[in-house]
2 protein chains.
Amino acid sequence: MMRTRPLKVALLGCGVVGSEVARIMTTHADDLAARIGAPVELAGVAVRRPDKVRGGIDPSLITTDATALVKRGDIDVVVEVIGGIEPARTLITTAFEHGASVVSANKALLAQDGATLYASAQQHGQDLYYEAAVAGAIPLIRPLRESLAGDKINRVMGIVNGTTNFILDKMDSTGAGYQEALDEATALGYAEADPTADVEGFDAAAKAAILAGIAFHTRVRLDDVYREGMTEVTAADFASAKQMGCTIKLLAICERAADGGSVTARVHPAMIPLSHPLASVREAYNAVFVEAEAAGRLMFYGPGAGGSPTASAVLGDVVAVCRNRLNEATGPGESAYTQLPVSSMGEVVTRYHISLDVADKPGVLAQVATVFAEHGVSIDTVRQQGKDGEASLVVVTHRAPDAALSGTVEALRKLDTVRGVASIMRVEGE
Amino acid sequence: MMRTRPLKVALLGCGVVGSEVARIMTTHADDLAARIGAPVELAGVAVRRPDKVRGGIDPSLITTDATALVKRGDIDVVVEVIGGIEPARTLITTAFEHGASVVSANKALLAQDGATLYASAQQHGQDLYYEAAVAGAIPLIRPLRESLAGDKINRVMGIVNGTTNFILDKMDSTGAGYQEALDEATALGYAEADPTADVEGFDAAAKAAILAGIAFHTRVRLDDVYREGMTEVTAADFASAKQMGCTIKLLAICERAADGGSVTARVHPAMIPLSHPLASVREAYNAVFVEAEAAGRLMFYGPGAGGSPTASAVLGDVVAVCRNRLNEATGPGESAYTQLPVSSMGEVVTRYHISLDVADKPGVLAQVATVFAEHGVSIDTVRQQGKDGEASLVVVTHRAPDAALSGTVEALRKLDTVRGVASIMRVEGE
Ligand SMILES: NC(=O)c1ccc[n+]([C@@H]2O[C@H](COP(=O)([O-])OP(=O)(O)OC[C@H]3O[C@@H](n4cnc5c(N)ncnc54)[C@H](OP(=O)(O)O)[C@@H]3O)[C@@H](O)[C@H]2O)c1
Ligand SMILES: NC(=O)c1ccc[n+]([C@@H]2O[C@H](COP(=O)([O-])OP(=O)(O)OC[C@H]3O[C@@H](n4cnc5c(N)ncnc54)[C@H](OP(=O)(O)O)[C@@H]3O)[C@@H](O)[C@H]2O)c1
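Starting from 1, residues in each chain are numbered consecutively following that chain's sequence as written. As a convention, the first chain written is A and the first ligand written is 1, with the rest following in written order. Given that the model is predicted, a residue must reach a pLDDT of at least 70 before its local features are reported, and side-chain atom pairs must reach 80 or more before they are shown or counted; all residues, however, enter totals for whole chains, interfaces and linings. Neither water nor hydrogens contribute to the side-chain values; these are computed over all heavy atoms in the structure.

As recorded in an unreviewed UniProt entry, chain A goes by the name Homoserine dehydrogenase, listed as coming from Streptomyces filamentosus. UniProt positions are given in the numbering used here, feature names are shortened, and annotations may be inferred rather than shown by experiment. Within the UniProt record for chain A, the comment given under Function (unreviewed entry) is "Catalyzes the conversion of L-aspartate-beta-semialdehyde (L-Asa) to L-homoserine (L-Hse), the third step in the biosynthesis of threonine and methionine from aspartate." On record in UniProt, under Cofactor (unreviewed entry), the comment for chain A is "a metal cation".

Draft legend 1. Seen up close, the site of ligand 1. Residues and elements named next belong to chain A. In this text, near means that some heavy atom of the residue lies within 4 Å of the molecule or strand in question. The local shell around ligand 1 holds 21 residues, among which Cys14, Val16, Val17, Arg49 and Gly306 are the closest. Contacts to ligand 1 include Cys14, whose backbone N or O atom sits 2.7 Å from an oxygen atom. Here a polar contact is taken to be a pair of N or O atoms separated by no more than 3.5 Å, where protein atoms must pair a possible hydrogen donor with a possible acceptor and residues adjacent in sequence count only if both atoms sit in side chains. Residue Gly15 places a main-chain N or O atom 3.0 Å away from an oxygen atom belonging to ligand 1.

Draft legend 2. Expanded view of the environment of B:Asp65. Residues and elements named next belong to chain B. Going along the chain from the N terminus, every DSSP run of H or I of four or more residues is numbered as a helix, and every run of E of two or more is numbered as a strand. Among the secondary structure elements, Asp65 is positioned in the loop between β3 (62-63) and α3 (66-71). As a C-alpha pair, Asp65 and Val156 span 91 residues in sequence and 40 Å in three-dimensional space. For Asp65, the side chain forms a polar contact with the main-chain nitrogen of Ala68, separated by 3.0 Å.

Draft legend 3. Seen up close, the interface of chain A and chain B. Should any heavy atoms of two residues lie within 4.5 Å, those residues are considered in contact. Counting residues at the interface gives 45 residues for chain A and 45 residues for chain B. Computed with a 1.4 Å rolling probe, the buried area is the accessible surface lost when two parts are put together, summed over both parts. In total, about 4000 Å² of surface goes out of reach between chain A and chain B, with carbon and sulfur atoms giving 53% of it. One side-chain nitrogen of Lys or Arg within 4 Å of one carboxyl oxygen of Asp or Glu is enough to make a salt bridge. For the pair chain A and chain B, the number of links is two salt bridges. We note a salt bridge from A:Arg142 to B:Glu146, for which the minimum N-O separation is 3.7 Å. Counting the contacts that link chain A with chain B gives 22 residue pairs in polar contact (both at pLDDT 80 or more). Breaking the side of chain A that touches chain B down by element, the ones donating at least two residues are α2 (29-36), α6 (141-147), β12 (296-303) and α12 (307-326) of chain A. If one sorts the elements of the side of chain A that touches chain B by residue count, β12(A) sits on top with eight residues. In this classification, Asp, Glu, Lys and Arg are treated as charged, Ala, Val, Leu, Ile, Met, Phe, Trp, Tyr, Cys and Pro as nonpolar, and every other residue, Gly included, as polar. Split into classes, the residues belonging to the side of chain A that touches chain B amount to 23 nonpolar, eleven polar and eleven charged. Two strands pair if DSSP finds at least two bridges between them. Pairing analysis gives three bridges linking β12(A) to strand β12 (residues 296-303) of chain B, with the strands arranged antiparallel. Residue pairing across strands places A:Met299 opposite B:Tyr301, the latter belonging to β12(B).

Written out as structure tokens, the structure is:
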């Protein structure tokens, strides 16, 4: 029962991702038609530079007037792969107003303004899908929103940025420092000329906000996400991690508080045991670990970026949205009914690995231990190494609130015998 | 916009899975209602033994007349967790005829009669969902059918049976033989009293048929799946595997032929390199590796069975089907438009690890090598070990058609100098 009038797709942006979307729509048109139940047609492609040669795309489809394209009125699905906040946001809401559904890969926009976009989609009876916005090709948004819709998710913990994972993996496997590993990532095209969004954790924080919102059925804004980059991770940290049977990953962690009354979302480097499934995620791969009450521990693994993997996710959404249109229905919209508040980082409870430079004399350990005890942070193990009047003390704690740990560190810095706090790193995944 | 008239769910079967479905429906009723947009109500529970005490279930809901329950006419969703072919099949088609959609966890039935069930669902405008039928709690059917609907899947390779993975993992980690590891699995409740369906690969073969059909958009019957159990895997095989940097897993492998014109589906033990993501899947966990043209290499990991993980998958489907009903729509139906034929095992191309007991005298290797060459099977490495006139020869081949390998082995057996073929194992994942 194939409908013959094609569904029309407008492509906004034809860069790394958009060009692959266009290519696959052309080369796999028959498969897409069979799966949707109607042919699907590329009706227009908005770009900034109209004269750039774009292989395989009919030049008559190219336009610089994205607004006119989304206002045409005959478009079924708008695929937004421009990126950034504006004009993407206005184009998406204009699309809804003119009767089109939207598929987007724009994590920055979704994290910042997801609620507004969802409201606009709902008001106009349209779909908003964005599988590609988190972890590229890995099916993650749909499993969280649909497959686990009958379950209660308690934690989502993942490697959601390929650039930083590539750098950390290099540091781990070669003993390189941060700068050296970053240079290699840049040379190989894994890091952008300005790597700030990746290495400072902004990209991962946007994804954490999106994931936390979906997992806990509440609204989590970008500002709610605690964020710490990985530029200060050193070769010495990796050496310490190895001694503990761990490696270091930049993690996005979304958790429901033990009492269920609030949630947290954070991005920071952390030590995880080598036996944890996330420890063996190499190179620029992404992986997301999900803990749900009934399902238990799940993991999703795959390429987190790249033109064609991301296009795969976009096209999966295009097929779903097209099927919905043929059904005259829409898929699941925003689900934020729990309205759970987002707690600050101080309330996060986890373990810590703290490396101190201390004077090499008797009584230092007792002093340090007293400070931990006074702040209610219980110590799991201590390792002392001394030479020439200088010593280092590595303390691994039991689970404690982040605020208690911060208080501990502040007090430690005031001790005469503590020359410096060489590093503080959270320990996850146990 | 919550509808107040509840959607009605009939539960067929209230055993390991069904009792958990009932429990979660009761304890998480508010969450389910919020996610669906309407309350959902357990309207009846069909069992065999009505007098068994079933905690938390209103006794007035219990019935032994499953047929009457599915014929009631006011049921929205029938959850079939009885298992087996009959009465499950008739109950499902009766449900469709009486206006209900169906969620099932029944891999045996889906593998044997999926096409009939789909046809009946379509004829009556109902949904048929079965996420729980393959790999328990792991979202897999929905990602393959929906997230990857814009991509071309070339291969699905997975550990889809927890019992056999538990046994093989034990053999690998402790050096135990098959029987000893099976006994432990039985004692711990990982293997059933009669483990035939698991250890002979029948359960995995049903899942392979389902996965191949979905991945390649064609029909794959249970009979089309080549099946070899793992009862003959020995401690010596594990020792050989270790020498190659491999471990042994029982794999379900669905592949598109290199020319794209046909597909294959098979279940057998295989050596895989320790560096492969599937190699580190421990205990009774399941994991499925998917290779798609655009998305690249994805992996899905989690608990493959158990009451509550399986119930999570069932309830995800219940939520989806209920949402569809509120939308007066149905989800994706059968997709078998490619009509790709299924080739036999002889046409599968892979690598082999063959262990031969041979006479320890000069010229044996030359003889053996000649046989391989005559059958067009190219040798990658050979390892010879000899003592007291007896020797063993371990040959690892390059990729060759299974038929060529079978021919080789047949010819080898006829050589005077070959005392026996100790083991033949396929090598995958490279
Ligand atoms: N790249 C990935 O691996 C990846 C992975 C996941 C998600 N994403 C997301 O996908 C989106 C696109 O990423 P990308 O890597 O494809 O970006 P890109 O290569 O920079 O492409 C951006 C495209 O948008 C066009 N464009 C920019 N401003 C425009 C405007 N005002 N009007 C019309 N067109 C405009 C550009 O036109 P010109 O071609 O004329 O310059 C270009 O075609 C972003 O939201 C990104 O976060 C990307
Ligand atoms: N267990 C798992 O981990 C798992 C995982 C994935 C998929 N599955 C699938 O889920 C399904 C159910 O498995 P299960 O482990 O829950 O099985 P189970 O524990 O044996 O439960 C079967 C249930 O069906 C009832 N039943 C049997 N025959 C019936 C009939 N003729 N009419 C009405 N009720 C009948 C039984 O009633 P009584 O209670 O009165 O005996 C029992 O409640 C199977 O298809 C299985 O393959 C199971």
